[in-house]
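Architecture at a glance
So you can see what is in the structure, the chains are spelled out below.
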Amino acid sequence: MRTYRQILWGGLLVASSPFALAQDDDSKNWTGEGELGVLVTEGNSDSTNINARLALKHEVEKWRNTAEFRSVFAESEDDETGEDETTSEKYNAQAETNYKFDERQFWFLRGAYEDDRFSGYDFQSSTSTGYGNRVWQSGERSYLELKAGAGYRYNKLEEPGDDGDDVEKGTLLRFAGTFNYGLSDNALFIQELSTEVGLQDGKTITESFTGLQSNVVGDVSMKLGYRVKHESEVPEGTEKTDTEISLALLYGF
């Protein structure tokens, strides 16, 4: 029998399938960026780490497809034993496809998966679909985009809860917005905000990212970011709010 994790990864593949199905495979329709930097976390793990990120985008007349992969990993030496111990370990993947009705309106299908060793979950995942609108745009880099839809959440706990169940699942509503603003030819302000609300349990997961990106030379940029994730209900012994402050070098291609 297939596990839900296999099904979820299948959902991520479905969300990203237009990458492979796009009629125009000209390489100029592909863009991406790789990021490597220092990350300071607070919440379920307090440490300074190295973080990595890879983002891909493919856009043609009717389709816009994006995928992002992020990882955080750090080790430190235990004062008592002298052995290395992991202080932070997190992996995040998400993929989204948009079918554009016109220049502003689109339908989206999104899949997301997160494995955070210090969150109290084996993994957290969700799929969602709905309507999006780029309500404002100025040039190529400045825009405001809003999305609303519904989906399904499936989280696997490391330990069973008070009710003896080690799974959180149910339908959800998802609301998200992205605001990019070109401060100059070389500087970009980024603000992303999303909220998922469980319809059965009322659990809310809200995530915000604020970033400032500035070109250094050629395709290399410097990026300062602040990410906050808040969950209204969490496993016992874990924090409701995680924060990440990052300073990274970014290479666009």
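Here the structure is a predicted model, which is why all the values come from computation and not from measurement.

1. Quick notes on the overall build of the chain
Across its full length, the chain carries two helices and twelve strands. Each helix (α) and strand (β) of the chain, taken in turn from the N terminus, gives the series α-α-β-β-β-β-β-β-β-β-β-β-β-β. A fraction of 52% describes how many contacts in the chain between residues 6 or more apart in sequence connect residues 24 or more apart. Summing over all exposed atoms, the chain offers an accessible surface of approximately 14,000 Å²; the carbon and sulfur share of this is 54%.

2. Comments concerning the layout of surface pockets
Empty space among the atoms becomes visible once a probe the size of a water molecule is rolled across them. The space that makes up the second largest pocket amounts to roughly 410 Å³. Leu-157, Pro-160, Gly-161, Asp-162 and Pro-235 are, among the 19 residues lining the second largest pocket, the residues nearest its centre. By residue class, the composition of the lining of the second largest pocket is six nonpolar, two polar and eleven charged.

3. What about a negative patch on the surface?
Judged by side-chain charge, Asp-162, Asp-163, Asp-165 and Glu-236 come together as a negatively charged surface patch. Positionally, Asp-165 belongs in the loop between β7 (142-157) and β8 (167-182).

4. Let's talk about the pattern of salt bridges
In this structure the tally under the stated criterion is 25 salt bridges. A salt bridge links Arg-110 to Glu-196; its shortest N-O distance comes to 3.8 Å. Pair noted here: Arg-110 is in strand β5 (residues 105-116) and Glu-196 is in strand β9 (residues 187-198), with a separation of 86 residues, a long-range link. Assigned by exposure class, Arg-110 and Glu-196 land together as buried. For the salt bridge of Arg-227 with Glu-244, the shortest nitrogen-to-oxygen distance reads 3.8 Å.

5. Details of the packing of aromatic side chains
One pass over the full model with this rule turns up eight aromatic pairs. Put simply, the rings of Trp-136, Phe-179, Tyr-181 and Phe-189 touch in pairs and so form one group of aromatic residues. One residue, Arg-64, lies across the ring of Phe-106, its end atom 5.1 Å from the ring centre. We note Arg-134 situated over the ring of Tyr-143; from NZ or CZ to the ring centre the distance is 3.9 Å.

6. Details of the side chain of Arg-153
On the secondary structure map, Arg-153 appears in strand β7. Of the side chains with opposite charge, Asp-201 lies nearest to the buried Arg-153, which makes no salt bridge, at 4.1 Å. When sequence neighbours within four positions are dropped, the list of residues in contact with Arg-153 reads Ser-125, Ser-126, Glu-168, Lys-169, Gly-170, Leu-172, Glu-196, Val-197, Gly-198, Asp-201, Lys-203 and Ile-205.

7. Quick word on the confidence of the model for the chain
Interpretation of the predicted coordinates at a detailed level should be avoided for regions scoring low in pLDDT. Here the chain averages 87 in pLDDT, and 83% of its residues register 70 or above. Within the chain, helix α1 (residues 4-16) has the poorest average pLDDT of any element, 47, and β9 the best, 98. Contacts of residues 1-14 to residues separated by more than four positions or lying in other chains number 23 contacts, the stretch itself having pLDDT below 50.

Calculation criteria
- Residues numbered from 1 in each chain as written.
- Predicted model: local features only at pLDDT ≥ 70, side-chain atom pairs only at ≥ 80, totals over all residues.
- Heavy atoms only, no water.
- Helix = DSSP H or I, 4+ residues; strand = E, 2+ residues; numbered from the N terminus.
- Contact = heavy atoms within 4.5 Å.
- Areas by Shrake-Rupley, 256 points an atom, 1.4 Å probe, with all protein chains shown as cover.
- 1 Å grid on protein atoms, 1.4 Å probe; cavity = no way out; pocket = protein on both sides within 12 Å on 5 of 7 lines; lining within 4 Å.
- Points joined across faces, edges and corners; volume = space filled by probe spheres on them.
- Nonpolar A, V, L, I, M, F, W, Y, C, P; charged D, E, K, R; others polar.
- Patch = residues over 30% accessible without salt bridge, like charges linked within 9 Å, V, L, I, M, F, W, Y side chains within 5 Å.
- Salt bridge = Lys/Arg side-chain N within 4 Å of Asp/Glu carboxyl O.
- Lys, Arg positive; Asp, Glu negative; His and termini not counted.
- Charge placed at Lys NZ, Arg CZ, Asp CG, Glu CD.
- Buried < 20%, exposed > 50% of the residue type's maximum accessible area, 1.4 Å probe, protein only.
- Phe/Tyr/Trp six-rings, centres within 6.5 Å; stacked < 30°, edge-to-face > 60°.
- Lys NZ or Arg CZ within 6 Å of the ring centre and 35° of its normal.
- pLDDT = per-residue confidence, 0-100.

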